[in-house]
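# Topology and contacts: notes
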Amino acid sequence: MLSAVILLTTLFLNTSAEQPNVVIVLVDDLGWQDTSVPFHDERTPFNDRYHTPNMERLAREGALFTDGYASAPVCTPTRASLLTGRSPARNRITYWTFDRNTDTTRQNPVLEAPAWNVNGLQPGVPLLPELLRSEGYRTIHAGKAHWGAHDTAGSDPRALGFDVNIAGHASGAPGSYLGTHRFMNSKSREDFSRTSKWDVPGLEPFHDREIYLTEALQQRAVEAIDRACSDDVPFFLHFAPYAVHTPIMANVRHLDRYDGLHPREAAYATMIESVDVALGGILDALDRNEITKDTIVFFTSDNGGLSAHARGGTAHRHNAPLRSGKGSAYEGGVRVPWIVRWPGVAEPGARHEDVVVTQDLFPTILSAASVESPRHHFIDGVDIRPMLKGDSSERTVLFHQPHTWGASGPGIEPFSAIRSGSWKLIFFHGDLRFELYDLDSDPGETTDLASREPERLERMRARLQQELRSQQAQLSIDRSSGLPVVLPAIIRSETHSGDDS
Ligand code: CA
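Criteria and thresholds
Residues numbered from 1 in each chain as written. Predicted model: local features only at pLDDT ≥ 70, side-chain atom pairs only at ≥ 80, totals over all residues. Heavy atoms only, no water. Buried < 20%, exposed > 50% of the residue type's maximum accessible area, 1.4 Å probe, protein only. Helix = DSSP H or I, 4+ residues; strand = E, 2+ residues; numbered from the N terminus. Pairing = 2+ DSSP bridges. Contact = heavy atoms within 4.5 Å. Core = buried A, V, L, I, M, F, W, Y, C linked by side-chain atoms within 4.5 Å. Axes fitted to C-alpha atoms, helices over the stretch in contact; angles between N-to-C directions. Parallel < 35°, antiparallel > 145°, perpendicular 65-115°, else oblique. Nonpolar A, V, L, I, M, F, W, Y, C, P; charged D, E, K, R; others polar. Donors = N, O, S within 2.8 Å, 3.2 Å for Na, K, Ca; no water. Tetrahedral: all angles 85-135°; square planar, octahedral: opposite > 155°, others 65-115°. Salt bridge = Lys/Arg side-chain N within 4 Å of Asp/Glu carboxyl O.

With five of six residues buried, strand β13 (residues 433-438) is to be regarded as a mostly interior element. Note: strand β12 (residues 423-428) against β13, six bridges, orientation antiparallel. Within β13, the residue paired with Phe427 across the bridge is Phe434. Here β12 hands over to β13 after four residues, with Leu432 in that stretch at a positive phi of 55°.

Turning our attention to the environment of Val485. Mapped onto the elements, Val485 comes out in the segment after β15 (483-484). A residue is classified by how much of its surface remains accessible, and Val485, at 9% relative accessible area, is buried. Leaving out residues up to four positions away in the same chain, Val485 has contacts with Leu111, Phe427, His429, Leu432, Leu475, Ser476 and Asp478.

Among the nonpolar cores identified, the biggest contains 60 residues, and Leu203, Phe235, Leu237, Phe239 and Phe299 are the most heavily contacted of them. Contributing elements (two or more residues each) for this core: β1 (21-27), α2 (53-61), β4 (138-143), α7 (213-231), β6 (235-240), α8 (263-288) and β7 (295-301). When residues of this core are assigned to their parent elements, the largest contribution, 13 residues, is made by α8. Ignoring anything within four residues of it in the chain, the contact list for Phe299 reads Val25, Val27, Leu30, Met55, Leu58, Leu279, Pro337, Trp338 and Ile339. With 43 residues, the next largest nonpolar core counts Ala80, Leu121, Leu131 and Met387 among its residues.

Relative orientation of the contacting elements α2 and α8 amounts to 50°, with a least axis distance of 7 Å. Considering the angle they form, α2 stands oblique to α8. Note on element contacts: α8 touches α2 through Asp276, Val277, Leu279, Gly280, Leu283, Asp284 and Asp287, opposite Pro53, Asn54, Met55, Arg57 and Leu58. For the contact of α2 with α8, the class distribution of residues is six nonpolar, two polar and four charged.

The next thing to look at is the coordination of the calcium ion. Under perfect tetrahedral coordination by four donors, a metal shows angles of 109.5 degrees; under perfect octahedral coordination by six donors, it shows angles of 90 or 180 degrees. Distances from the calcium ion to its protein donors, Asp28 (OD), Asp29 (OD), Cys75 (SG), Asp302 (OD), Asp302 (OD) and Asn303 (OD1), fall at 2.2 to 2.6 Å. Classification of the site at the calcium ion rests on its six donor atoms, whose angles at the metal span 53 to 159°, yielding the label irregular. Residue Asp29 is classed as buried on the basis of its relative accessible area of 1%. Residue Cys75 is classed as buried on the basis of its relative accessible area, which comes to 3%.

Turning our eyes to something else, we now look at the sheet that holds β15. Ordered by their spatial adjacency, three strands build an open sheet running β3-β14-β15, and the pairing between neighbours is antiparallel. For this open sheet the edge positions go to β3 (111-112) and β15, each flanked by a neighbour on one side alone. Here β3 pairs with strand β14 (residues 477-478) via two bridges, running antiparallel. Residue pairing across strands places Glu112 opposite Ile477, the latter belonging to β14.

This paragraph deals with the pattern of salt bridges. Under the criterion given, the structure shown has 35 salt bridges. One salt bridge connects Arg57 with Glu61, and the closest N-O pair in it is separated by 3.1 Å. One end of the pair, Arg57, and the other, Glu61, are both in helix α2, four residues apart, so they sit about a helical turn from each other. With relative accessibility at 14%, the residue Arg57 sits in the buried group. On the accessibility criterion, Glu61 (33% relative accessible area) is partly exposed. Taking the shortest distance from any N to any O, the salt bridge between Lys424 and Glu445 comes out at 3.0 Å. Of the two residues, Lys424 sits in strand β12 while Glu445 sits in the loop between β13 and α12 (454-470), which places them 21 residues apart along the sequence. Judged by relative accessible area, Lys424 falls into the buried class, the value being 1%. With relative accessibility at 0%, the residue Glu445 sits in the buried group. One network of salt bridges, in which partners are shared, links Asp67, Glu331, Arg335, Arg419, Lys424 and Glu445.

Distances and angles like these do not, on their own, reveal function.
As structure tokens, this is what we get:
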């Protein structure tokens, strides 16, 4: 149902430019609470802990979505969905990539992963930057790419429609965040002539300097904006800092502010602040070039905040009130900050409760730029402009990860799930169990209503089945039978109290 050929809405552009510039800031692993901007209905201790004045500015000058999602609980699937407009299930890119022809899924005694696209995104399908470039945009990628595996064409953003690639390749993490480390991992640093797949490429002028990786990326991105402006071409900037992904390493410039926190958490807070400073640098560059009114800015993250390992404090609680974190089927795995500054379209300071998801950026941006998508390119995203204008419509979004992730924790198991209205149904592939939550009254997914709401469970199950079929989703393989798992029928209990209609 969600899937639709893109309908072009080329009329009623509100930005003064016919081809507005587009900036996406896609932060890595930034959780829903990793900001001083409150996305929950009330401020939380995390909002008071973190310092993100530029995100606050963006939310003040634009609109935020309280129920914004990443396409997936891990990196590559979300990134691929952004460029294709398709869900991870439809792309069959349902997990993170690394080496060519190599499945990174962790071994599971009961299940194995289906035959997914282990090499990730590759040229040959319509891609957002390519489509924009064909209409005269300069397309710039800065930071983490992680679309295609090493030793494949898709490892290089320039093969995926970007004119400019700043420091992006197949790896999803940097060896180090420090220029003094040449952004290399510890083994390489013992002997800088040794290379590793974690070395960040293309930033040699910053090597051996006291500079943080996010700062180097900001500097290069701002130079690219300035160049596009002096060349008088519209641009698409995909700014994807490696932060706040592991390795968690402090930017010492910001450490004083986080005195008294667990050292790991203080370091994490400085990573968030570095991203915010970079956002500020980009917004300032737009102002300085007098293109703020002609530029749409999207700010979001590729999955929920890391909480299962490598953090200080209590595991699985770093996205509270949401449950769990990166890798999980629960909200902590997929709900992320979403802010849109769109002059003339997004009402400044507005808070929207509509469900939006990463693949929506594809049709939204093409429509804003009056660029046509190939007619036969079936997509799952929707144009969010009507939502920004106040027209809500109920929709169903599928999340699908038939993989066992590296770390363990609540909801970190192979699953499929749908969000439909305020309701969420999760189907766990291992023990074939359903869980049902009403996110309006229970955003922390504390109370499973599956046994109390059998009729709703039945309806949601049918809806999930329908979405899985229509997106040709590949379910986990049951090792004992060698066949894909099947959604069980709902067995209704005889005594239903009927107290929750
Ligand atoms: Ca990520």
